[in-house]
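So you can see what is in the structure, the chains are spelled out below.
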Amino acid sequence: MSTIAVIGGGPAGYVAALTAARKGLKTIVIEEGELGGTCLNRGCIPTKALVKSASVYSLLKSAHKFGVANAGGEVKWEQVQERKRKIVEGLRRGLQSLMKEAGIRVVQGKAAFQAEHKLEVISKSGDVSLLDIDRIIIASGSTVKPLKECAIDEKNILSSTGILAIPQLPQSLLVIGGGVIGLEFASIFNTLGVEVIVVEALPHILPGIDEEAGSLIAALLGKRGVKFKLSAKVLRVDHLSGKMSVQLQTSKGIEEVVVDKILVAVGRIPNISELRLEKAGVTVEKGQIKVDKSLKTSVEGIYAAGDVIGNPMLAHAAFIEGATAAMAASGEAVEMQGQAIPACVYTIPEVAQVGLTEKEARELYGNVKVGKYPLRANGKALIEDEGGEEGFIKIISDGKYGEVLGVVMVGPHATELIGLGVLAINNELTIEQLADTVQAHPTICEAAREAALIAVGRPLHI
Ligand code: NAD
């Protein structure tokens, strides 16, 4: 039986391992930490558990709007943390059983190349073992990008990992980076009553997200008290008796703010610096592993998947990449198909998009049709009353053939509803097909059909 080794047990790695094992390969996963990687242990899952606690608190505070009196609500941070921990542990146990049932051997340790097909694994206690393996999948993930002006100490200057485990809520938080991580934490902590300032180097937040959606989220968070310093940079940080004094370069000049904690969220970088890839001859370009469409690296028999191959650094992209790499490694003629990959931001309200932004579509296609339906005209969004009635669903289509090019959503459950857009774009559906697809009433999903109806010139409830 052929053997395959997967370096990393995160979304790319464990899916690669499960796929390889189900293809009949003897499979080894080398993981230095916990199975589930960043996503399960320090990313998607724990963060969204905090989002849920924040939403419940927010709902209780606004219970009177729903005719419910005296709902009150007090955040018990340790219990919030405990709930998050239980969810993570439960999922981790599930993953461990999946691996066991598939007959996958999980080796605890840190892997590095000694030669093309030779791996060294160092266990926590320092024992070194050597593996000679003809097929290897590198899925070692990514790590927090450091910021030289503001060194992370995980006490006062936190990364997205450290902030998940803070023992109590701070009074104030400065978030450096207005990307997905920065905005999700800004939204969580602002909802929980923390004073939040976001510093972003660009003139807008959420790079890569549709501009209209990004501006709306900035406005909605701004209304709730989040302060944005755009086109701004941190110059220096000084510790002063338990607080941080931060000097910022903003468009107005030099400003100083004093906060309890700082979150550094200026991006993530592939986790490759300790793999000794040069010993195997694996080509690295711009800090990420270079792969072809079947996810093969420059070396025969060595594949890579997930954050190590660069953007989009998303768990759901890693799932499909891990599976593809494992099938290719097991000898199947497979390639990545340019699948539509949704981007979701779990702010309150949520933002989700798939395909092109409106600006990208206009630049690429020139002639585009845009149908946008405001959620304030959608019954279910008004019933939900989560602040999302200020949101919208927008569908961008090719003006000539009607192919759906992009779907953008801001509002309650946007990260769930975007599945409709993913299905449309992945299957090259047309705007007419979306307009002619009946959606249940009352649902927010109807707003997508309404947006399509607007685009084809048959508006219904507007
Ligand atoms: P990001 O690239 O999305 O955002 C980083 C932001 O920091 C950018 O807006 C950038 O302009 C800004 N920035 C960079 N240097 C700066 C500086 N010196 N001062 C101020 N601003 C600065 O990165 P991220 O938010 O750290 O997320 C990392 C990765 O993780 C991304 O690929 C993201 O998609 C992924 N992620 C996804 C989700 C999700 O799907 N919901 C959640 C978390 C993370």
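Residues numbered from 1 in each chain as written. Predicted model: local features only at pLDDT ≥ 70, side-chain atom pairs only at ≥ 80, totals over all residues. Heavy atoms only, no water.

## With respect to the sheet that holds strand E13 (residues 233–240)
Here's step 1: A sheet is described by the order of its strands in space; here three strands give the open sequence E13-E14-E15, paired in antiparallel fashion. Each of the sheet's edge strands pairs with one partner strand only, and the pair in question is E13 and strand E15 (253–259). Here the average twist between neighbouring strands, direction ignored, is 20°.
Here's step 2: One ladder, built from seven bridges, connects E13 with strand E14 (residues 243–250); its direction is antiparallel. Residue pairing in the sheet places leucine 240 in a bridge with lysine 243 of E14. (Pairing = 2+ DSSP bridges. Helix = DSSP H or I, 4+ residues; strand = E, 2+ residues; numbered from the N terminus. Axes fitted to C-alpha atoms, helices over the stretch in contact; angles between N-to-C directions.)

## Notes on the packing of helix H1 (residues 11–22) against helix H4 (residues 77–101)
Here's step 1: With their axes 10 Å apart at the nearest point, H1 and H4 run at an angle of 25° to one another. Taken together, H1 and H4 sit at an angle that is classed as roughly parallel. Every pair of crossing elements has a handedness; the one defined by H1 and H4 is left-handed. For the pair formed by H1 and H4, the contact residues are Tyr14, Ala17, Leu18 and Arg22 on the first element and Leu95, Leu98 and Met99 on the second.
Here's step 2: Within the contact of H1 with H4, the residues separate by chemical class into six nonpolar, no polar and one charged. (Parallel < 35°, antiparallel > 145°, perpendicular 65-115°, else oblique. Left-handed = near helix turned anticlockwise from the far one by under 90°. Contact = heavy atoms within 4.5 Å. Nonpolar A, V, L, I, M, F, W, Y, C, P; charged D, E, K, R; others polar.)

## Structural notes on helix H3 (residues 44–61)
Here's step 1: For H3, spanning 18 residues, the distance from its first C-alpha to its last is 26 Å, which sits close to the expected 26 Å at 1.5 Å a residue.
Here's step 2: Buried residues of H3: Pro46, Thr47, Ala49, Leu50, Val51, Ser53, Ala54 and Tyr57, and no others.
Here's step 3: As for H3, its buried residues are in contact with helix H2 (37–42), H4 and helix H5 (180–191). (Expected span 1.5 Å × (residues − 1). Buried < 20%, exposed > 50% of the residue type's maximum accessible area, 1.4 Å probe, protein only.)

## What to know about the environment of glutamate 335
Here's step 1: Looking at the element boundaries, glutamate 335 is found in the loop between helix H8 (315–329) and strand E21 (343–345).
Here's step 2: Separated by 65 residues in sequence, glutamate 335 and lysine 400 have C-alpha atoms that sit 30 Å apart.
Here's step 3: Here glutamate 335 is in contact with Lys293, Ser294 and Thr324, once residues within four sequence places are set aside.

## A short note on the state of the cysteines
Here's step 1: Counting across every chain of the model gives zero disulfides.
Here's step 2: Left unpaired, cysteine 445 is separated from the closest cysteine sulfur, that of cysteine 344, by 15 Å. (Disulfide = S-S within 2.5 Å.)

## Observations regarding the packing of aromatic side chains
Here's step 1: Scanning the entire structure with this criterion turns up three aromatic pairs.
Here's step 2: Taken together, the ring pairs in this structure connect Trp77, Phe185 and Phe189 into an aromatic cluster.
Here's step 3: One residue, lysine 372, lies across the ring of phenylalanine 392, its end atom 5.0 Å from the ring centre. (Phe/Tyr/Trp six-rings, centres within 6.5 Å; stacked < 30°, edge-to-face > 60°. Lys NZ or Arg CZ within 6 Å of the ring centre and 35° of its normal.)

## Brief notes about the site of the ligand
Here's step 1: Around the ligand, the surrounding shell holds 23 residues, and the nearest of these are Ile181, Glu184, Glu200, Gly267 and Cys344.
Here's step 2: Here an oxygen atom of the ligand and a backbone polar atom of isoleucine 181 are 2.9 Å apart.
Here's step 3: With respect to the ligand, the backbone of cysteine 344 contributes an N or O atom lying 2.8 Å from a nitrogen atom.
Here's step 4: A total of 850 Å² of accessible area belongs to the ligand in isolation, and the protein chains cover 79% of it.
Here's step 5: At three residues, the largest contribution of residues to the shell around the ligand is made by H5.
Here's step 6: For the shell around the ligand, a count of residues per class yields 15 nonpolar, four polar and four charged. (Near = heavy atom within 4 Å. Polar contact = N/O pair within 3.5 Å; in protein donor to acceptor, adjacent residues only side chain to side chain. Areas by Shrake-Rupley, 256 points an atom, 1.4 Å probe, with all protein chains shown as cover.)

## Regarding the sheet that holds strand E11 (residues 195–199)
Here's step 1: Here we have five strands laid out as an open sheet, ordered E9-E16-E10-E11-E12, and parallel in their pairing. Pairing within the sheet leaves two strands with one partner each, and these edge strands are strand E9 (157–158) and strand E12 (227–229).
Here's step 2: Across three bridges, E11 lies against E12 in parallel orientation. Within the sheet, the bridge partner assigned to valine 198 lies in E12 and is phenylalanine 228.
Here's step 3: Its contacts with the sheet place H5 against strand E10 (172–176), E11, E12 and strand E16 (261–264), and it is angled at close to 165° to E11.

## Considerations on unusual backbone geometry
Here's step 1: Geometrically, the link from asparagine 311 to proline 312 is a cis peptide bond, its omega value of -5° lying close to zero.
Here's step 2: Relative to the assigned elements, proline 312 resides in the loop between strand E20 (302–304) and H8.
Here's step 3: In this model, histidine 441 is joined to proline 442 through a cis peptide bond whose omega is 0°.
Here's step 4: Tracing the chain through its elements places proline 442 in the loop between helix H12 (431–435) and helix H13 (446–455).
Here's step 5: The backbone of asparagine 70 sits at a positive phi, close to 55°, despite the residue not being glycine.
Here's step 6: Since its relative accessible area comes to 78%, asparagine 70 is described here as exposed.
Here's step 7: Positioned with a positive phi, histidine 413 is a non-glycine residue whose angle comes to about 60°.

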